[in-house]
Amino acid sequence: ATPELREQLDYVIYLDAPRDLRLERRVKRDVLDRGRNEEDVRHNFERVVAPMHDLFVEPHRDAADLVVQVDEDRQVLVRGLVERAPRPV
């Protein structure tokens, strides 16, 4: 979202997880780790989280150098990309 920051990046990878997977992960995290009520998590996702994703995250997909379709089967691939990413010096 910040052009000055974007100019400093050598390569941008966009992890494209489907909406249902994002919701499933959020419910699992918020209920198990944060003690929230599942119904409240789902309601918040529909009212706030998903619309904010559509406005502020999704538009960056087209500017990425690589788009990786993420699903449960590709978690190893995503972890591998992150682990192999060069570290700043």
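The structure we're discussing is the one just above.
Residues numbered from 1 in each chain as written. Predicted model: local features only at pLDDT ≥ 70, side-chain atom pairs only at ≥ 80, totals over all residues. Heavy atoms only, no water.

This part takes up helix H3 (residues 38–57). Across its 20 residues, H3 extends only 24 Å between first and last C-alpha, which sits more than 12% below the 28 Å expected from 1.5 Å per residue. Along its length, H3 reaches its greatest deviation from straightness, about 50 degrees, at Phe45. Every buried residue of H3 is accounted for by Val41, Phe45, Val49, Ala50 and His53. Buried positions along H3 lie against strand S1 (13–16) and helix H2 (19–34). Measuring from the backbone nitrogen of Glu39 back to the side-chain oxygen at the start of H3 gives 2.7 Å, which picks out Asn37 as the cap. (Helix = DSSP H or I, 4+ residues; strand = E, 2+ residues; numbered from the N terminus. Expected span 1.5 Å × (residues − 1). Bend = angle between axes of the 7 residues up to and from the residue. Buried < 20%, exposed > 50% of the residue type's maximum accessible area, 1.4 Å probe, protein only. Contact = heavy atoms within 4.5 Å. Polar contact = N/O pair within 3.5 Å; in protein donor to acceptor, adjacent residues only side chain to side chain.)

The space that makes up the second largest pocket amounts to roughly 260 Å³. Lining the second largest pocket are 13 residues; nearest its centre among them are Ala1, Arg6, Leu9, Val12 and His60. Among the elements of the structure, helix H1 (3–7) and S1 are those that each provide at least two residues to the lining of the second largest pocket. Here the residues of the lining of the second largest pocket are counted per class, giving ten nonpolar, two polar and one charged. (1 Å grid on protein atoms, 1.4 Å probe; cavity = no way out; pocket = protein on both sides within 12 Å on 5 of 7 lines; lining within 4 Å. Points joined across faces, edges and corners; volume = space filled by probe spheres on them. Nonpolar A, V, L, I, M, F, W, Y, C, P; charged D, E, K, R; others polar.)

In this structure the tally under the stated criterion is six salt bridges. For Asp16, the salt bridge is made with Arg61, and the minimal N-O distance between the two is 2.8 Å. Residue Asp16 is found in strand S1, and its partner Arg61 is found in the loop between H3 and strand S2 (66–69); the two are separated by 45 residues along the sequence. Overall, the relative accessible area of 12% leaves Asp16 in the buried class. Between Glu46 and Arg19 there is a salt bridge, with its nearest N and O atoms 2.4 Å apart. With Glu46 in helix H3 and Arg19 in helix H2, the pair connects residues that are 27 residues apart, well separated along the chain. For Glu46, a relative accessible area of 42% gives the class partly exposed. (Salt bridge = Lys/Arg side-chain N within 4 Å of Asp/Glu carboxyl O.)

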